[in-house]
Each structure stands twice: as C-alpha cells, then as structure tokens.
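Topology and contacts: notes
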Protein chains: 2
Amino acid sequence: MKKRNDPGEEAFLKVLRPLVETYRAVMRKDDRHIRKLDLTQAQFDVIVVLGETPGMPCNKITEETLLTKGTLTGVLDRLTTKGLIERVPSEIDRRSTIVRLTAQGTDCFERVFPAHIAYLKPFFERGLTPSEMQSLRALLLKLKKSFEKEDKK
Amino acid sequence: MKKRNDPGEEAFLKVLRPLVETYRAVMRKDDRHIRKLDLTQAQFDVIVVLGETPGMPCNKITEETLLTKGTLTGVLDRLTTKGLIERVPSEIDRRSTIVRLTAQGTDCFERVFPAHIAYLKPFFERGLTPSEMQSLRALLLKLKKSFEKEDKK
DNA sequence: TGTTATTAGTACGCGTTAGAACTAATTGCA
DNA sequence: TGCAATTAGTTCTAACGCGTACTAATAACA
C-alpha cells in the first residue's frame, strides 16, 4: 500500500469535497425553485439587489452579485426583455447607466423574494441549530479570508 | 423601522451568503490554477475520477463528478480532442461506452493532480486548524443532508 | 492644456450547466 | 415470446460565467 503522501489523502480534501457538495445541493434546490418563479439565479440576484433601491449603475450591481460585467450585460438584456428592469443614462457620468426596477419589476421583487426566502428557510432550520449556524458561518468566513489574501508569488 | 418579519433578516441568510461567497472564493482560485494547467474544472474532475482506474462508463462518471450526462458528453468530446481520453464500446452492453485515460491522459493525471493538491493545501492549512476543519466538514455535511431529504410536498 | 491612464459598459469566444427530446439497446413481465 | 418500461449516451436550447478586446467618457497629472 502506497498511502504515504498520496495526494488524494490530504486532510483538507475532507473540507473541500463537503464544501462543493453542500453548495451544489443547496444551489440545486435554490435554482429549481427560482425557475418555477420564471427567473434564473442570476436574474433573481439582480432583482433582489435592485429591490427597495432607486436604482444603481452596473458596476455597483456586479459588486453586490459577484457577476462579472460581461455576464451582467446579458442578464440585464434578458431582464429588460421581460420588462422587469430599465436602463436609464446617468446624468452625472455619461459613461454610466442606471439600472432600476420597473413597476412590474418591483411587483416581481415583492412577490418572489419573500416566497423564496420562505421556501429555503426550513431546509436550514431543520438541519442546523442556531448555534451551529453561527459556527458554520464563522468557519466559512475564516476559510474565505484565507483564499482572499493575496498570494505572494 | 419595519424590521419585523423582513425576509432579508432571516438568520439562515447569515449561513447562505458565506456559503456562496466562500465557495466562489475557493473555486475562483481553484479554477484559475487549473486553467494554467490547460484544463477546465469539469475536465480536471473527469481526469481525476478516471485516474488510477481501468476506465468506466459515462453514468459512473456522472455519479462521481455530479455532472449531468448532457454536460458530460461535451466535456468528453473536448478531452478526446485533446487526446487525454478515449471512448471504447463496452463488450457487455452495446448501449454503453467505457471511457478511459490514454497514455497521455495518465501522464496528465500524474502531473496535474498532485500539483493542484499542493497548490490548494496551504490556503486551507493557514486558514483553519485541523479541529476547525473537522467541525466545518461535519456542519457542511449536516446541512447537505437536510437539503437532500425528499421534500414532502 | 494635452496626453496618458482609468473607468463604464458592451461584444464576443469558449466552455460549462441543466434539462428536454431523441435513438438505440436491454430488461421486465404478462 | 413479445411488448412496455428503463437505461446509456447524444443532441439541442437557453443562460451563465470568465476573460479579452473594444468604444466612449472621465480623471490624473506633467
């Protein structure tokens, strides 16, 4: 047996695999429910970010949603086609576009957001106690921080 | 202030957001490194699953990688073009195809897999202690299980 | 002021990703 | 046996998701 130094036996893989599997399990449920509401993940994220705001430029949206600007353009195009958002030229910076919900978009937000939250809630609450949620959150954020530090190579 | 029952204030969101953000932070690093090795995430996953095996049919690969079969077909096409895998008709079931690494694919596996593990390792080890890794793993799996249980509606 | 650098957003190419429709082969069962 | 249901894999569509290149506008500074 050649277990010694087998790269497949590294301890951190026992975190990486569950992270991937859990994320996917959560997202699959999440996504399927959102699609029933006639939106995609990315579209939903944009709607939620815009909800209860007077609108914001694209670069602000990419910060909040973690979409790249290239991706965002397409998502906004499709949301425009659906009549949920509109693009208004900025008055102070002519490079910039303000994106905001239409009346129909606001409607959608007010209907879809609470419904989706309510759908996900029981999965978390039956799986984890409040104190476990807190631990999980803290550990995840610690790991994230480690990946965000600049590499020094 | 209308905080009461605001759907945006649900406790579980304090887990969901870190889960998403951490996953993405990890995957961004992961992906960028894999691309330097001239593979994509999905291609890498397939290579790793096939590594050290005599080959396996597509349905086995989808189980291991969590890719859907539709996605897998395209990934296998590109790996075939790169000369890393080959498809051999199964002898026992004429519907089935056995996928296995070519000599070049085995070479790739032996070179790329350890390199990638070694690349990721320090990010985990500087961020979490061994006991934290264990807790994180356990909590993630608990959450996953809750999402995998059949909904009863 | 004039040029250079930066920033905002779009366009495009490649490779996923899920899901539905499809073909061919195999299994189950009446 | 013989037809129905299942299974293996491919094809197709729509939408991401990332990176690069591009245009236009603004900021920085020599």
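The numbering scheme is per chain: residues are counted from 1 as the chain's sequence reads. Here chains are named by letter from A upward and ligands by number from 1 upward, in the order in which they appear as written. The model is predicted, so local features are restricted to residues of pLDDT at least 70 and side-chain atom pairs to those at 80 or more, both for listing and for counting; the totals for chains, interfaces and linings are taken over all residues.

1. Some remarks on the nonpolar core
Which entries qualify depends on this criterion: For the purposes of this analysis, a nonpolar core is taken to be any set of buried Ala, Val, Leu, Ile, Met, Phe, Trp, Tyr and Cys residues that are connected through C-beta atoms within 7 Å. Field definition: a residue is buried when 20 or more other C-beta atoms are found within 10 Å of its C-beta, exposed when 12 or fewer are, and partly exposed for counts in between, with C-beta atoms placed from the backbone. C-beta atoms are placed from the backbone for every residue, and two residues are taken to be in contact when these atoms lie within 7 Å.
Judged by nonpolar contacts, the single largest core of 28 residues is most densely connected at Leu136(A) and Leu136(B). Apart from residues no more than four positions distant in its own chain, Leu136(A) is found in contact with Leu128(A), Val15(B) and Leu139(B).

2. A short note on the relation of the copies chain B and chain A
Heads up, the condition is: Only residues with pLDDT of at least 70 in both copies contribute their C-alpha atoms to the least-squares superposition of the copies.
With an axial shift of 0.0 Å and an RMSD of 0.1 Å, the rotation relating chain B to chain A amounts to 180°. On the angle and the small slide along the axis, the relation comes out as a two-fold axis. Of the C-alpha atoms belonging to chain B, the one lying closest to the rotation axis is found on Leu136(B), 3.2 Å away. The share of interface residues of chain B whose copies in chain A are also at the interface is 100%, consistent with both copies meeting through the same surface.

3. Re the sheet that holds strand β3 (residues 97-101) of chain B
All names here are of chain B. Spelled out, the test is: Any two strands are treated as partners once DSSP identifies two or more bridges connecting them. Secondary structure elements follow DSSP: runs of H or I of four or more residues count as helices, runs of E of two or more count as strands, with numbering from the N terminus.
An order of β1-β3-β2 is seen for the 3 strands of this open sheet, with the pairing classed as antiparallel. The outermost strands of the open sheet, each flanked by one partner alone, are β1 (56-57) and β2 (85-89). Relative to β3, β1 runs antiparallel, the two sharing 2 bridges. Paired with Met56 across the two strands is Val99, which belongs to β3.

4. Some details on the protein's contact with DNA strand C
Convention followed: In this analysis a residue is considered near a molecule or strand if the C-beta atom, reconstructed from its backbone, is found within 6 Å of that molecule or strand. Ten residue types, Ala, Val, Leu, Ile, Met, Phe, Trp, Tyr, Cys and Pro, are classed as nonpolar, four, Asp, Glu, Lys and Arg, as charged, and the remainder, Gly among them, as polar.
Close to DNA strand C lie 26 residues, the nearest being Pro57(A), Cys58(A), Gly70(A), Thr40(B) and Gly70(B). Those elements that provide at least two residues to the surface near DNA strand C are α3 (58-65) and α4 (69-81) of chain A together with α2 (41-50) and α4 (69-81) of chain B. The element contributing the most residues to the surface near DNA strand C is α4(B), with 5 residues. Each residue belonging to the surface near DNA strand C can be placed in one class, and the counts come to 6 nonpolar, 12 polar and 8 charged.

5. A closer look at the UniProt feature "domain: HTH marR-type" (unreviewed entry) in chain A
The condition that has to hold: UniProt positions are given in the numbering used here, feature names are shortened, and annotations may be inferred rather than shown by experiment.
UniProt's feature table lists "domain: HTH marR-type" (unreviewed entry) at residues 9-145 of chain A, given in the numbering used throughout. The span residues 9-145 of chain A shows a helical share of 70% and a strand share of 9%, and its end C-alpha atoms are spaced 24 Å apart.

6. Re the interface of chain B and chain A
A common way to state how big an interface is: give the accessible area lost once the parts meet. Of the residues lining the interface, 43 residues belong to chain B; the matching set on chain A comes to 43 residues. In terms of residues, the side of chain B that touches chain A owes the most to one element, helix α6 (residues 130-148) of chain B, which gives 16 residues. Looking at the side of chain B that touches chain A residue by residue, the classes come out as 25 nonpolar, 4 polar and 14 charged.

7. Here's the deal with the sheet that holds strand β3 (residues 97-101) of chain A
Overall, antiparallel pairing links the 3 strands, which are arranged β1-β3-β2 (chain A) in an open sheet. Each edge of the open sheet carries a strand with a single partner, namely β1 (56-57) and β2 (85-89) of chain A.

8. Some thoughts on the packing of helix α2 (residues 41-50) of chain A against α4(A)
All names here are of chain A. Our working definition: For helices, the axis comes from a line fit to the C-alpha atoms of the stretch in contact; other axes are also lines fit to C-alpha atoms, and the angle between any two N-to-C directions lies between 0 and 180 degrees. Orientation is classified from the angle alone, with under 35 degrees giving roughly parallel, over 145 giving roughly antiparallel, 65 to 115 giving roughly perpendicular, and any other angle giving oblique.
With their axes 10 Å apart at the nearest point, α2 and α4 run at an angle of 80° to one another. Looking at the two axes, α2 sits roughly perpendicular to α4. The residues of α4 that touch α2, namely those facing Ala42, Gln43 and Val46, are Val75, Arg78 and Leu79.

9. Re the pairing of β3(A)
Sheet analysis places β2(A) next to β3(A), joined by 5 bridges and oriented antiparallel. By the bridge assignment, Pro89(A) is partnered in β3(A) with Thr97(A).

10. Looking at the protein's contact with DNA strand D
The immediate surroundings of DNA strand D are formed by 26 residues, with Thr40(A), Gly70(A), Pro57(B), Cys58(B) and Gly70(B) found nearest. Mapped by element, the contributors of at least two residues to the surface near DNA strand D are α2 and α4 of chain A together with α3 (58-65) and α4 of chain B. For the surface near DNA strand D, the class distribution of residues is 6 nonpolar, 12 polar and 8 charged.

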